[in-house]
Amino acid sequence: MAFAFLDRSHSIAKPGYSRWLVPPAALAIHLSIGQAYAFSVFKNPLLALHAADGSAWSLKEVGYIFSIAILFLGLSAALFGAWLERAGPRRAMFYSACCFGAGFCVASVGASFHSLTLIYFGYGVLGGIGLGLGYISPVSTLIKWFPDRPGLATGLAIMGFGGGAMIGGPLGNQLMAHFKAAGQPAIPYTWIAMGVVYFIFMMFGVFTIRVPREGWKPAGWSGETKVSALISTHNVDVHHAWRTPQFWLLWIILFTNVTAGIGILEQAAPMIQDLFKGVVSPTAAVGFVGLLSIFNMAGRFFWASMSDILGRKPTYFIFFALGIVLYFFMPATRLGQLGSVNLFVAIAVVALSMYGGGFATIPAYLKDLFGGFNVSAIHGRLLTAWSLAGIVGPLIVNAILDHYVATHRPKAEAYPLILHIMCGLLAVGFVANLLVKPVDRKYWMRDEKESEPNPSKLVASN
Amino acid sequence: MNEPRSDTANRSTTSPLLIAAAWLVVVLPTAWGLSYTVQNALKIFDHTPVPAATVTPPAK
């Protein structure tokens, strides 16, 4: 295979390699691809671009760029997960960096020539594939390096995806301001610069990542995991995992948790201003969005780490049980009822921390149920739930808001309905989580050899 | 790859400075981004009265 230095065999850690070098490698990838969540900073500048004939793009057309990227994130994660397990994290990260960087460059050409098709292909398709490959690439490696704390390890990496928006937003804004001031085309030059900067930053991850050698375990760790019926000592390969009821229960869990979170995230700034009309300024609403971002990121690390102590099922039990209560009472804080901005903000940030926590805890839940052998590939297939939630969540919110506006009813009255629908979704997730049981032994792999995956040698015993 | 797989062999010999440097590479940009976000988040405590003109207009 081309670029042999990217092979799994070339990235096996030498004795003495510290596992604490692996999270920064994973973070370099996730902090980069997390830029996707900051795409909104380009919306208005793109709307202001005009073609030679004076035509401009609509908000809907520009909105599709992000949707295509998230769609291809899910598709590529699902399609390339099994390949990633064979090829190793270094090659996957490298291809992710190439796709993500090249995506920016192609989109830049699209912005220069006012071609939305090129932007869809560049940022949406190429960039989306980079997102999918990058998102799942470090997961199983981290779990192998941190068998004693899988939640903490994957939580750290996936926290980076939340943090990526905090870097990508101001970086995009500052670069656009810089190029505009210099009299150069702001968006094309910004995208080229971002493509190059992110590619270099991701290369740090590519060359730092290592896989543990066969038989490695953390110094001082006995190899014994917590005793629980839901922590399997057996592995299930990806081709069998997705046929188990447990996979689809986790799919429902991720889907419902993400859809509910998007219900708040999608409309955060308008929602707080509509619910507290005349009390919350647009500036304060921007602050609210920033606060949600911080709790979304912090929740990824906090809840995933907590799940190492509490267990995955109890952690999701908290997400759903507490989530239902919080979403139910959130509308009661609005003007005319309790009228408390502080209470509304407090409820929303806790809810958003659990949205992030849901993303970050799912790889460890998968590892508990299916073992660490194919966890990246299984995680990749599970991320299709995210893609669908990214479509369904905004669809529910916008359809209800549009209906209220069309029938000349105050928007503030639409939010209780939206949030109570999210309560119903969380109740579905709650039941799905309760139904999770250990994977039937007929799905276990017969011949297990975790460090050197060779799926052709392994057959499930069904 | 023929080292004994003992607990001692699994002990890290990587320089703590190298580990700190690797973490700095990811912590510095994160801290930069976080500082912007925190500055924005603090605006939630902005209690200036909302002029009627800046109240969110009904959606189209």
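Since the model is a prediction, treat every value here as computed from it, not as a measurement.

**Student:** I would appreciate a short explanation of the overall build of chain A in the present structure.
**Tutor:** Looking only at helices and strands, chain A has 17 helices and zero strands in total. Here the C-alpha atoms of chain A give a radius of gyration of 22 Å, agreeing with the 23 Å that 2.2 N^0.38 yields for 462 residues. Dimensions along the principal axes, computed over C-alpha positions, put chain A at roughly 65 × 50 × 35 Å. Taken over 462 residues, chain A has a buried fraction of 56%. Taking the intrachain contacts of chain A between residues at least 6 apart in sequence as the baseline, contacts between residues at least 24 apart amount to 82%.

**Student:** Explain the interface of chain A and chain B to me, please; I cannot follow it from the model alone.
**Tutor:** It is common to report an interface's size as the accessible area lost on association of the parts. Counting from both sides, the interface comprises 44 residues of chain A and, opposite them, 35 residues of chain B. With ten residues, the single largest contributor to the side of chain A that touches chain B is helix 12 (residues 282-310) of chain A. Taken together, the residues that form the side of chain A that touches chain B break down as 26 nonpolar, 13 polar and five charged.

**Student:** Would you explain the environment of Ala97(A) in this entry?
**Tutor:** All names here are of chain A. Within the fold, Ala97 resides in helix 4 (residues 89-112). Exposure remark for Ala97: the 26 C-beta atoms within 10 Å place this residue in the buried category. A C-alpha to C-alpha distance of 9.9 Å links Ala97 and Ile129, two positions 32 residues apart in sequence. What Ala97 contacts, discounting residues up to four positions off in sequence, is Phe199, Met202, Met203 and Val206.

**Student:** Mind showing me how you'd approach the confidence of the model for chain A here?
**Tutor:** Close reading of the predicted structure is inappropriate where its pLDDT is low. Per-residue confidence for chain A gives a mean pLDDT of 89, with 95% of residues at or over 70. This model gives residues 449-462 of chain A a pLDDT under 50, and the stretch forms 27 contacts once residues within four places in sequence are excluded.

**Student:** Teacher, can you tell me more about the packing of helix 7 (residues 150-181) of chain A against helix 8 (residues 186-208) of chain A here?
**Tutor:** To describe two helices that pack against each other, one gives the angle between their axes and the distance between the axes. Residues and elements named next belong to chain A. Contact geometry of helix 7 with helix 8 gives a least axis separation of 8 Å together with a crossing angle of 130 degrees. In terms of orientation, helix 7 and helix 8 fall into the oblique class. In this structure, helix 7 meets helix 8 at a crossing whose hand is right-handed. Contacts from Leu171, Gly172, Leu175, Met176, Phe179 and Lys180 of helix 7 reach helix 8 at Ala186, Ile187, Tyr189, Thr190, Ala193 and Met194. Grouping the amino acids of the contact of helix 7 with helix 8 by side-chain chemistry returns nine nonpolar, two polar and one charged.

**Student:** I would appreciate a short explanation of helix 14 (residues 341-370) of chain A in the present structure.
**Tutor:** Each full turn of the α-helix corresponds to 3.6 residues, which orients residues three or four apart in the same direction. Residue and element names in this part refer to chain A. In a regular helix each residue adds 1.5 Å, so 30 residues correspond to 44 Å; helix 14 covers 43 Å between its end C-alpha atoms and thus fits that length. Along helix 14, 25 of the 30 residues are buried, which leaves the element largely enclosed by surrounding structure. The positive-phi residue at the C-terminal boundary of helix 14 is Gly371, with phi of around 80 degrees.

Calculation criteria
- Residues numbered from 1 in each chain as written.
- Chains lettered and ligands numbered in written order.
- Predicted model: local features only at pLDDT ≥ 70, side-chain atom pairs only at ≥ 80, totals over all residues.
- Helix = DSSP H or I, 4+ residues; strand = E, 2+ residues; numbered from the N terminus.
- Rg over C-alpha atoms; globule rule 2.2 N^0.38 Å.
- Buried ≥ 20, exposed ≤ 12 C-beta atoms within 10 Å, placed from the backbone.
- Contact = placed C-beta atoms within 7 Å.
- Nonpolar A, V, L, I, M, F, W, Y, C, P; charged D, E, K, R; others polar.
- pLDDT = per-residue confidence, 0-100.
- Axes fitted to C-alpha atoms, helices over the stretch in contact; angles between N-to-C directions.
- Parallel < 35°, antiparallel > 145°, perpendicular 65-115°, else oblique.
- Left-handed = near helix turned anticlockwise from the far one by under 90°.
- Expected span 1.5 Å × (residues − 1).

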